[in-house]
Structure formats: C-alpha cells, structure tokens
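Structural characterization, general
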Amino acid sequence: MRRARALTGTGALGGALVASLLLTGCGKDAGGVEPGPGTSGTAVTATPSGTAGTGPPAGTPAPVPSGSTPPGTLPTAYTFTPDPARVPHTAEEARRFTRAAALDPDSWSAGMVRHDPYEGGGDRPVLSADCAWSRGPLPADVLDSHTRRIDMPAKDGKGRVLGSVTLTVHRDVAAADRDMRDTVQQSFRCPDQDLGGGQFLRGLMSMHQPKESVLNADASMFESGKFISAEAGGPGAPQGYVWTKSRIGSVVMALSVKGAQGYETRDLLLLAAEGGAKALYRIELELK
C-alpha cells in the first residue's frame, strides 16, 4: 500500500498540489485533478440464490476484524520510523546514501533526460543579503548534499522544463527540522531571487504543509513563483516555478521544476508531485 500511495503523489506532495493551485491562482484547473483512492472499499458478501437465511443480505458489508483497516482506506498519519542501523552517521555513509536514493531521469517520469551538468555535491547553496544564490561549503550539521538535474526536453512546440532534486543528510533530526523551519523565511526575506547564469525567480510564496495533511514525510513545505530566463522567453514571458521540500528523519529532499513555454502551472505541479513522491519513497527504501 505504501508504494502505491507514494507513486500516485498523495500525502505531502498531494497536499502541496492542492495548496499550490490556490497560491498560484489556478483554481480553475482544480476540477481536472483526479482525487486519490476513496476511504470505502470494504468487501461485499452476496447471498447465493435459493439459500435464504444462510448468509447476510446481498450488499451487506463483510465484517472487518477488530483492529484492522478496511481495504482501500488511506492512512491518517505518517508513521514510518527509520531503522537506526540504516541512518547515515558519517560523511562516507551519507555519500553512499544520497547516491543510492537519488532519482534518475527514468525513475522521475517517462521522457525525462539528464541536464548538462547532471549532478554535483559536496557544497551547499547560499542566499546572500542581496538575494543572490551562490555555492558554499557544507555547514557543520550536514554530512552530505547531492543534486541531480533532470529535464523534460523541448518537444511538440514546448520548451525545455528544468528540474532538480537535492538530497541532504543532516547529522541529526533536530538539524534537519531546523533546515525545514529556516527555509520558508528565505522567501519572506527575498521574494525575488537571482539564481545566477541569467536565471531569476520573482514573487515567491512559501508555506509549510499542516502536519495532519502530510502522509509520506515527517514534514513538508511548498513554494511557488515565476521563473525568468532568456531560454524560457526572457522577462516578457515569465514561466511557472514550483518547489517542494520534505523531511524524513534526518534526510531532507528538495525538488524544483522551472517552467517553459507551452506548459501550464498545473503541468509543473503534476511533474513535481510525481518526482517528489518517488524521491520520498526511495528515501524510505534506503532507511527501512
């Protein structure tokens, strides 16, 4: 059940999808989003013809054993606990972990390809006082951080969508939780950001997801805004931008999708939901 739930984008990323539709003014598209599995699904027992009195009436739900969950019922809380023996505690263990858990193009979504450059690690993005991003050394509370850049190539008259997934292993849960709390403050301080290389973000809005709505991570947050680059059409054609960040134990996953001509914000949300859910599932596999 966990795998099916993760791959359909429910839980943390499913909540982000709904919240982001509100944030980006795409409520008109909400009706096109398929809901997840319903909470009903209890087996039904029918009474054979001519055997009156030998069973319950047709259509009567079969009894559910005490303490069990009816088939098809979604969980109401995230209950995964990492195996302490599988949690990285050294930089070497963290490097092995991030490479094993990282998404590749095929495991994100059909048709996606490697960006050039494809991956990097051993450093950390730093947001300066003037809201420009650069790279800096890993802080003391981070064992490893690894990024893969994965794109949806230009096709059918649409531009190239730029995606990235970063896995960061902290020394402990407290440090990972602090990372989550601090991140949302960056968009409050810098709603407009310079990514470098002629790329910019504008009008960023961030929010933490309510704990009760997060079903595939310990915590999750979402950010949206506009992406500007010469390749995507320049300042006169800002594209959608969505970003999500989730924590499982001491591991933090951050995923971004930068839009391109021909893509609606809803398309980017669905791509982010798919990749984020799969990334979280791979983290669980490495921690169980």
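Attention here is on the structure that accompanies the text.

1. A look at the overall build of the protein chain
Scanning the protein chain for helices and strands turns up 6 helices and 12 strands. The buried share of the protein chain, reckoned over its 288 residues, is 45%. Pairs at least 24 apart in sequence give 64% of the contacts found in the protein chain among residues at least 6 apart. Total accessible area on the protein chain stands at roughly 14100 Å², and carbon and sulfur atoms take up 56% of it.

2. What to know about the sheet that holds strand β8 (residues 193–196)
Strand order in the open sheet formed by 8 strands is β3-β6-β7-β12-β11-β10-β9-β8, and the pairing between neighbours is antiparallel. Of all strands in the sheet, those with a lone pairing partner are β3 (113–121) and β8, marking the two edges. Each neighbouring strand pair of the sheet contributes to a mean axis angle of 20 degrees, computed without reference to strand direction. In this structure, strand β7 (residues 161–170) lies alongside strand β12 (residues 251–258), joined through 8 bridges in antiparallel fashion. Residue pairing across strands places leucine 162 opposite lysine 258, the latter belonging to β12.

3. A closer look at the pairing of strand β11 (residues 239–248)
Two faces, one strand: in a regular strand the side chains alternate between the faces of the sheet. Counting buried positions along β11 gives 10 out of 10 residues, so the element sits mostly inside the fold. Examined bridge by bridge, strand β10 (residues 219–228) and β11 share 9 bridges and lie antiparallel to one another. The residue bridging serine 224 from the neighbouring strand is valine 242, located in β11. As defined by bridge partners, β11 adjoins β12 across 8 bridges and the pair is classed as antiparallel. The residue of β12 that forms the bridge with tryptophan 243 is serine 256. Hairpin remark: β11 followed by β12, antiparallel, with 2 residues in the connecting loop; positive phi at glycine 249, about 60 degrees.

4. Focus on the nonpolar core
In this structure, Trp108, Val161, Ile248, Met253, Val257, Ile283 and Leu287 are the most contacted members of the largest nonpolar core, which totals 37 residues. Secondary-structure elements contributing two or more residues to this core are α3 (91–101), β6 (142–152), β7, β11, β12 and α6 (265–287). The biggest single contributor to this core is α6, with 8 residues. Other than its neighbours up to four places away in sequence, isoleucine 248 contacts Tyr78, Phe80, Asn216, Ala217, Asp218, Leu280, Ile283, Glu284 and Leu287. Counting residues in each nonpolar core, the second largest holds 14 residues, with Ala176, Leu201, Ala219 and Tyr241 among its members.

5. Looking at the pattern of salt bridges
Under the defined criterion, the tally for this structure stands at 13 salt bridges. Between arginine 135 and aspartate 123 there is a salt bridge whose closest N-O contact spans 2.9 Å. Taken together, the residues span a long stretch of sequence, with arginine 135 in strand β5 (residues 133–137) and aspartate 123 in strand β4 (residues 123–127) at a distance of 12 residues. Close ionic contact of arginine 247 with aspartate 218 constitutes a salt bridge, the shortest N to O distance being 3.7 Å. One end of the pair, arginine 247, is in strand β11; the other, aspartate 218, is in the loop between β9 (199–208) and β10, and 29 residues separate them in sequence. Bridged by salt links that share partners, the residues Asp177, Arg181, Asp218 and Arg247 form one connected network.

6. With respect to the packing of aromatic side chains
We describe a pair of aromatic rings using the distance from one ring centre to the other and the angle between the two ring planes. Within this structure, the stated rule accounts for 1 aromatic pair. Measuring from centroid to centroid gives 6.3 Å for tyrosine 78 and phenylalanine 80, while their planes differ by 50 degrees, and the two rings are tilted. A relative accessible area of 14% means that tyrosine 78 is categorised as buried. With a relative accessible area of 13%, phenylalanine 80 lands in the buried category.

Here is what the cut-offs are and how they apply
Within each chain, residues carry numbers counting from 1 in the order of the written sequence. Only residues with pLDDT of 70 or above have their local features reported here, since the model is predicted, and side-chain atom pairs are shown and tallied only from 80 upward, although totals for entire chains, interfaces and linings are computed over all residues. Working from all heavy atoms in the structure, the side-chain values ignore hydrogens and water. By definition, any uninterrupted DSSP run of H or I lasting at least four residues is a helix, any uninterrupted run of E lasting at least two residues is a strand, and each is numbered from the N terminus. Exposure classes here rest on a 1.4 Å probe applied to the protein chains alone. A residue is buried below 20% of its type maximum, exposed above 50%, and partly exposed in between. Only heavy atoms enter the contact rule, under which two residues are in contact if any of them lie within 4.5 Å. Residue-level accessible areas treat just the shown protein chains as cover; the underlying method is Shrake-Rupley with a 1.4 Å probe. Pairing between two strands is assigned when DSSP locates at least 2 bridges connecting them. An axis is simply a line fitted to the C-alpha atoms; with a helix, the fit covers only the stretch in contact. Between two such axes, the angle follows the N-to-C directions and lies from 0 to 180 degrees. Grouping buried Ala, Val, Leu, Ile, Met, Phe, Trp, Tyr and Cys residues that are joined through side-chain atoms within 4.5 Å yields what is termed a nonpolar core. Between Lys or Arg on one side and Asp or Glu on the other, a salt bridge is scored when a side-chain nitrogen of the former is within 4 Å of a carboxyl oxygen of the latter. Stacked, tilted and edge-to-face pairs are distinguished by plane angle, under 30 degrees for stacked and over 60 for edge-to-face with tilted covering the rest, among Phe, Tyr and Trp rings (Trp via its six-membered ring) whose centres lie within 6.5 Å.

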